[in-house]
Amino acid sequence: MARTDPKKDVVIIGLGWTGAILGMEMAKEGLEVLALERGEDRDTIPDFQYPGVIDELKYAIRYGFMQKPRNSTLTIRHGVNDTALPYRHLGSFLPGNGVGGAGIHWNGQTWRTQPAELRLKSYVEENFGADIIPEDMQIQDWGVTYEELEPYYDRFEKLLGISGKAGNLNGEIQEGGNPFEGPRSNEYPNPPLANTYDSELFAEAARKKGLHPFPRPAANASRAYTNEYDMQLGPCNYCGFCERFGCLNYSKASPQTCVLGALKRMPNFSYKTKAEVLKIEKAADGKTAKGVTYFDDNTGEEVFQPADLVLVCAYSLHNVHLLLLSEIGQPYDPATGEGVVGRNYCYQMTGGTSLYFKDKKFNPFIGTGAEGMSIDDYSISQIDFAKEGFIGGSYITGGHTGGRPIGQLSTPPGTPKWGKGWKEAAGAWYNHKMSIGSHGSNMSYRDCYLDLDPTYKDTHGRPLMRMTFNWKPNDIKMTQFMKGKIEDVAASMNPDQMASGYKKEGSQYDTTVYQSTHNVGGAVMGTDPKTSVINRYLQSWDCHNVFVMGASAFPQNTQYNPTGPLGALAYWAVDALRNDYLKNPRPLM
Amino acid sequence: MSDLPGRPSRRGFLKGSAAGAALAAVAVSAQAQTKEELPPLEQYKPSYFTPEEFAFIMAACDRLIPADGDGPGALETRVPVFIDRQLEGDFGKAADWYMEGPFQPDADPLLGYQSPLTPAQVYRAAIPVFEQWCQDQHGKGFADLDAQTQDAALSALEKGNVPLKPELRDFFAFILQNTKEGYFADPMYGGNHGMKAWTYVGFPGARGAYTEWVSRFNETYPLSAVDIAGERA
Ligand SMILES: Cc1cc2nc3c(=O)[nH]c(=O)nc-3n(C[C@H](O)[C@H](O)[C@H](O)COP(=O)(O)OP(=O)(O)OC[C@H]3O[C@@H](n4cnc5c(N)ncnc54)[C@H](O)[C@@H]3O)c2cc1C
Ligand code: SF4
């Protein structure tokens, strides 16, 4: 039988980005806080230290820091009539595992959503009319506006010491920044990173086309920096082993470098590793949770951990899985359109063009996770959806993250995959390639969702979660539009050769090729319990002492990477907890 | 980190020399260090493969990344040793993969690996099928074919023209991926001997510090590769 441990005020499920922030802020309230993390403990020393950590095979190819499907995975299918099969080894997305979560091995590209994205349905209806929304598309407003979130974006950017250049300061457009961003109250805490050669070439070409390049906001520090928790970052040295690796240099913002050192010193905070939460336990009243049950891998037993407040910070996919297993909220049924848990799962539409120049040496091994020059001229707020025939947008970047030869070397089109031809092309082109990428939105659809798999089980005997997902014509049209724009800029740079890779008509979701770990939706936020799992304060509509963090809250995916908005939302929820809920626990809406 | 057997070690080198001799050695080209060669590949005792299997792996690697033309080949860089060690280790055992049934090995490839076999088992089961196919088509085992016929046989395997059960359909993809991994992975895994593949393409390996080089556009980076054990190419 399960052991029962002494009650805590707050239990946090997962100690990645959102768990670390919530842990710190709840501990600052004087509450007894316990974080349960399923993976191992990790810190810069010894886990990310030079030179052991810059091992491409171990970390980038064999996924050393990431979730092991043997312990945790899901099943995937393209359509509601297909049989889903297990995601047996990692490919398309790489969830984190262990203290720091995916926050240790992310790139650090840290964006804000555009104001229009947070009220996308209203924006589309007001500007283009409701009838341009395809029949099976389920986009909605987030229930929080950009103006409301702005201070929290600002705080999150300062927590991470983001390097960047403001483009809109309190409504005034700033030279060299992103003129299409929402108004920000402050400049970025650190100046932009220095550009690499490819970024510079792209920016120059984009400027000549009348576009507006700006440095991509980066969680790779451009100078020495100390944040609000007295955590310190040192300048990034462009080691080229950034995403998929922990930072060897205290330069990449991560839960470790920005929060955990300070959090571990709080006497009322504690955490356990190898402690996988199996279920959130509902109280007899059915309106609250009474704690969580977890498997303690250190002692090999199940433990019931009572708590007054349960914060779900397990990464978007695991958040939804836990809600489904715990029967908190009605599971979504695509046939009737009823239910909410698992509804509106979305991904990220990406594509890119490679350019090969005989006479240019890029030194691709000199790179960092988020450096690059971007344009937002084809962002959501800049496109006439009625004219173009799709809803969505992308940001476009010239830049690179590293030149690791197993995973990041590519050869021009027409090169054989092996043999002398491959070998000679690998040597001839390794140093001569750059790329321009499109990072685009993905809308929510009636039949893209998450539920429990009827067949496959995990090591604890629980059903795996099942993902039903495929690409839709709207989003394919969007990425094809970006292809045209990117190829136009690329051609103006006169490369010797060029190769494009974008989803096209008929493209099906490929689970084997890395695209992004930007799995969003499934426990979406909103103001209507019929179409959302959590209210605008990230509080469960069903159990008011359960709050669900992370990108599972996004009603559809934005055109940007998710951590900026999910970090801002975490601080937004902290304020609702601190200023309102803790004083008088109840449904806030 | 312990010294790797058969590899020249900077520590061992210094241990065995008087200080003066060690200093003098600094002036000697780094290339000189690799003179203390490992036993030839032919004498390597595989830990996973049988001798017959290893003969096939040697021959296949030699075609996938051949010696001729610019750059080192897979044998010179000891890629077969890498593959043997990988199959003996966690990769070969699918130690991290979800391997619970039911299995549907003929599923849509976009849904990923669905065979009940581990990568090591796929190699073991597929090599004899392919060898038999070579016998049937050409009257010889793969290693005994001439280079051109070997290439044609590998192409047939790549294109799915060698009849393999669906459980084994990833065989070619595994060999090709593992061969390239062995070519470019850190030498501590057994391949990329002498960091020759890194040196060839111009990757400085485990240096990981480039601050003042970020803004030096279109210049040749001057330092040679280093590996995780601290050797310099
Ligand atoms: C290679 C890569 C590159 C990325 N690059 C970017 C980028 O450039 N920009 C960007 O915005 N985003 C990026 N991301 C995504 C980013 O890492 C995530 O958005 C972010 O980490 C999410 O924070 P989180 O707190 O929701 O989850 P995480 O940080 O992943 O933390 C969740 C934690 O919960 C634990 N957990 C899960 N289930 C349980 C359970 N049942 N019990 C106990 N613990 C549990 C996990 O082990 C994990 O430690 C990237 C991700 C990857 C993998
Ligand atoms: S590129 Fe910079 S931030 Fe990224 S891991 Fe290397 S030193 Fe750290």
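In this text the structure is predicted, and so the values were computed from the model without any measurement.

### Quick notes on the overall build of chain A
Here is step 1: The helix and strand tally for chain A stands at 14 helices and 22 strands.
Here is step 2: Its C-alpha atoms give chain A a radius of gyration of 23 Å, near enough to 25 Å, the size a compact globule of 589 residues would have.
Here is step 3: Oriented by its inertia axes, the alpha-carbon framework of chain A measures out at about 70 × 55 × 50 Å.
Here is step 4: Per-residue burial over chain A gives 67% buried out of 589 residues.
Here is step 5: A fraction of 75% describes how many contacts in chain A between residues 6 or more apart in sequence connect residues 24 or more apart.
Here is step 6: Summing over all exposed atoms, chain A offers an accessible surface of approximately 19,200 Å²; the carbon and sulfur share of this is 48%.
Here is step 7: Of the charged side chains in chain A, 59 are positive and 67 negative, and the gap between their average positions amounts to 4 Å.

### Section: the overall build of chain B
Here is step 1: Summing up its helical and strand segments, chain B has nine helices and zero strands in all.
Here is step 2: The order of helices and strands in chain B, counted from the N terminus, is α-α-α-α-α-α-α-α-α.
Here is step 3: When burial is assessed residue by residue, chain B has 48% of its 233 residues classed as buried.
Here is step 4: Taking as baseline every contact in chain B between residues at least 6 positions apart, the subset at least 24 positions apart corresponds to 62%.
Here is step 5: Counting every atom, chain B has about 10,800 Å² of accessible surface; 54% of that belongs to carbon and sulfur.

### Some points on the UniProt feature "domain: Glucose-methanol-choline oxidoreductase N-terminal" (unreviewed entry) in chain A
Here is step 1: Mapped onto the present numbering, the UniProt feature "domain: Glucose-methanol-choline oxidoreductase N-terminal" (unreviewed entry) falls at residues 231–347 of chain A.
Here is step 2: Each end of residues 231–347 of chain A is marked by a C-alpha atom, and these two atoms are 33 Å apart; helix forms 17% of the span and strand 29%.

### Describing the site of ligand 1
Residue and element names in this part refer to chain A.
Here is step 1: Taken together, 36 residues surround ligand 1, and among them Thr18, Glu37, Gly98, Gln109 and Thr563 come closest.
Here is step 2: Between ligand 1 and glycine 101 there is a distance of 3.4 Å, counted from an oxygen atom to a backbone nitrogen or oxygen.
Here is step 3: Look at ligand 1: alone it shows 1,000 Å² of surface, and the protein chains cover 98% of it.
Here is step 4: Of all elements in the fold, only helix 1 (17–28), strand 12 (275–282) and helix 14 (563–581) reach the threshold of two or more residues within the shell around ligand 1.
Here is step 5: For the shell around ligand 1, the leading source of residues is strand 12, giving three residues.
Here is step 6: Class assignment of the residues belonging to the shell around ligand 1 gives a composition of 15 nonpolar, 18 polar and three charged.

### Some details on the interface of chain B and chain A
Here is step 1: Tallying the contact residues gives 73 residues for chain B and 60 residues for chain A.
Here is step 2: Together, the buried faces of chain B and chain A total about 5,400 Å²; carbon and sulfur atoms form 61% of this surface.
Here is step 3: With its nearest N and O atoms 2.6 Å apart, the salt bridge here joins Arg62(A) to Glu181(B).
Here is step 4: Counting the contacts that link chain B with chain A gives 31 residue pairs in polar contact (both at pLDDT 80 or more).
Here is step 5: If you list the elements that add at least two residues to the side of chain B that touches chain A, you get helix 3 (51–64), helix 4 (79–88), helix 5 (90–93), helix 7 (147–158), helix 8 (171–184) and helix 9 (196–201) of chain B.
Here is step 6: With eight residues, helix 8 of chain B is the single largest residue contributor to the side of chain B that touches chain A.
Here is step 7: Taken together, the residues of the side of chain B that touches chain A sort by class into 41 nonpolar, 18 polar and 14 charged.

### Structural notes on the nonpolar core
Here is step 1: Residues Leu159(A), Ile280(A), Leu311(A) and Met467(A) are the most contacted members of the largest nonpolar core, which totals 159 residues.
Here is step 2: Broken down by element, the residue count for this core peaks at eleven residues, all from helix 14 of chain A.
Here is step 3: Among residues more than four places away in sequence, those in contact with Met467(A) are Leu74(A), Thr75(A), Ile76(A), Arg77(A), Phe93(A), Leu317(A), Tyr345(A), Tyr449(A), Leu450(A), Tyr509(A) and Asn519(A).
Here is step 4: Formed by 89 residues, the second largest nonpolar core is a distinct cluster that contains Trp418(A), Met58(B), Val81(B) and Leu145(B).

### Considering the UniProt feature "domain: Glucose-methanol-choline oxidoreductase C-terminal" (unreviewed entry) in chain A
Here is step 1: As recorded in UniProt, the feature "domain: Glucose-methanol-choline oxidoreductase C-terminal" (unreviewed entry) lies at residues 446–570 of chain A.
Here is step 2: End-to-end, the C-alpha atoms of residues 446–570 of chain A are 27 Å apart, and along that stretch the chain is 22% helix and 18% strand.

### Some points on the packing of helix 6 (residues 119–138) of chain B against helix 7 of chain B
All names here are of chain B.
Here is step 1: As a packed pair, helix 6 and helix 7 sit with axes 11 Å apart at the nearest point and diverge in direction by 125 degrees. The orientation of helix 6 relative to helix 7 falls into the category oblique. Crossing hand, helix 6 versus helix 7: right-handed. Residues Phe130, Trp133, Cys134 and His138 of helix 6 touch helix 7, and the partners they reach there are Thr149, Ala153, Leu154, Ala156 and Leu157.

### Some details on helix 6 (residues 146–160) of chain A
All names here are of chain A.
Here is step 1: Here helix 6 contains 15 residues, and its C-alpha end-to-end distance of 20 Å stays within 8% of the 21 Å for a straight helix at 1.5 Å per residue.
Here is step 2: For helix 6, the principal kink sits at tyrosine 152 and spans about 25 degrees.
Here is step 3: The set of residues buried in helix 6 consists of Tyr146, Leu149, Glu150, Tyr152, Tyr153, Asp154, Phe156, Glu157, Leu159 and Leu160.
Here is step 4: Those residues of helix 6 hidden inside the fold are in contact with helix 1, helix 4 (115–118), strand 10 (232–233), helix 8 (255–263) and helix 14.
Here is step 5: Phi turns positive one or two residues past the end of helix 6, at glycine 161, with a value near 65 degrees.

### Notes on the sheet that holds strand 5 (residues 85–86) of chain A
Across a sheet, paired strands are connected by hydrogen bonds in the backbone, their directions being either parallel or antiparallel.
Residue and element names in this part refer to chain A.
Here is step 1: Strand order in the open sheet formed by four strands is 5-4-20-19, and the pairing between neighbours is mixed. Only two strands of the sheet have a single partner each, and these edge strands are strand 5 and strand 19 (449–457).
Here is step 2: As paired elements, strand 4 (residues 74–77) and strand 20 (residues 463–468) share four bridges and run parallel to each other. What sits directly across from leucine 74, in strand 20, is methionine 465.

Rules of the game
Residues numbered from 1 in each chain as written. Chains lettered and ligands numbered in written order. Predicted model: local features only at pLDDT ≥ 70, side-chain atom pairs only at ≥ 80, totals over all residues. Heavy atoms only, no water. Helix = DSSP H or I, 4+ residues; strand = E, 2+ residues; numbered from the N terminus. Rg over C-alpha atoms; globule rule 2.2 N^0.38 Å. Buried < 20%, exposed > 50% of the residue type's maximum accessible area, 1.4 Å probe, protein only. Contact = heavy atoms within 4.5 Å. Areas by Shrake-Rupley, 256 points an atom, 1.4 Å probe, with all protein chains shown as cover. Lys, Arg positive; Asp, Glu negative; His and termini not counted. Charge placed at Lys NZ, Arg CZ, Asp CG, Glu CD. UniProt positions renumbered as here; feature names shortened; annotations may be inferred. Near = heavy atom within 4 Å. Polar contact = N/O pair within 3.5 Å; in protein donor to acceptor, adjacent residues only side chain to side chain. Nonpolar A, V, L, I, M, F, W, Y, C, P; charged D, E, K, R; others polar. Buried area = accessible area lost by both parts, 1.4 Å probe. Salt bridge = Lys/Arg side-chain N within 4 Å of Asp/Glu carboxyl O. Core = buried A, V, L, I, M, F, W, Y, C linked by side-chain atoms within 4.5 Å. Axes fitted to C-alpha atoms, helices over the stretch in contact; angles between N-to-C directions. Parallel < 35°, antiparallel > 145°, perpendicular 65-115°, else oblique. Left-handed = near helix turned anticlockwise from the far one by under 90°. Expected span 1.5 Å × (residues − 1). Bend = angle between axes of the 7 residues up to and from the residue. Pairing = 2+ DSSP bridges.

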